[in-house]
Amino acid sequence: MQTHTTGKSLAEFERDWRLLRLGTQRALEIISEACRHIPDELLNLAPDVPWKKIRGIGNVLRHEYHKIADDVIWVVVTENILPLKAAIKTIKQSIGNESQP
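Scoring rules and cut-offs
Residues numbered from 1 in each chain as written. Predicted model: local features only at pLDDT ≥ 70, side-chain atom pairs only at ≥ 80, totals over all residues. Heavy atoms only, no water. Helix = DSSP H or I, 4+ residues; strand = E, 2+ residues; numbered from the N terminus. Buried < 20%, exposed > 50% of the residue type's maximum accessible area, 1.4 Å probe, protein only. Contact = heavy atoms within 4.5 Å. Expected span 1.5 Å × (residues − 1). Arc of directions from axis to C-beta.

(A) Highlighting the side chain of Ser 94. Secondary-structure assignment places Ser 94 in helix 6 (residues 70–98). Taking relative accessible area as the criterion, Ser 94 reaches 17% and is therefore assigned buried. Non-local contacts of Ser 94, meaning those with residues more than four positions away in its chain, are made with Leu 42 and Leu 45.

Below is the structure:
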């Protein structure tokens, strides 16, 4: 997702309906659904991440099409994806450390 949005503006994002917008929305749906399957005790390792909002955006993308706002999606992509990736890395490292003797 970042590969396709880096260096782009909101205006470019809004114009590119087929690939960029729909692909980005679909990627966010997948991320949202994946976060629903992470146990709360692992989510607590990254308390600054708005997990409830991440889980909820998938519902909006799947069921409430009239509420999808390009500017909101753009903020998620440009401001929230990197902190989310860092949180997931922390969670993965925690899981890796637990399996070590």
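(B) Up close: helix 5 (residues 51–63). Taking 1.5 Å of rise per residue, 13 residues should cover 18 Å, and helix 5 covers 19 Å from first to last C-alpha, within 8% of that figure. For helix 5, the set of buried residues is Trp 51, Ile 54, Ile 57, Gly 58 and Leu 61. The buried residues of helix 5 occupy an angular sector of 120° when projected down its axis, which confines them to one face. When the buried face of helix 5 is taken as reference, the exposed residues oriented beyond 90 degrees from it are Lys 52, Lys 53 and His 63.

(C) Region of the structure containing the environment of Cys 35. With respect to the helices, strands and loops of the structure, Cys 35 is situated in helix 3 (residues 17–36). Note on Cys 35: relative accessible area 3%, which makes it buried. Taking the C-alpha atoms as reference points, Cys 35 and Ile 88, separated by 53 residues in sequence, lie 9.5 Å from one another.

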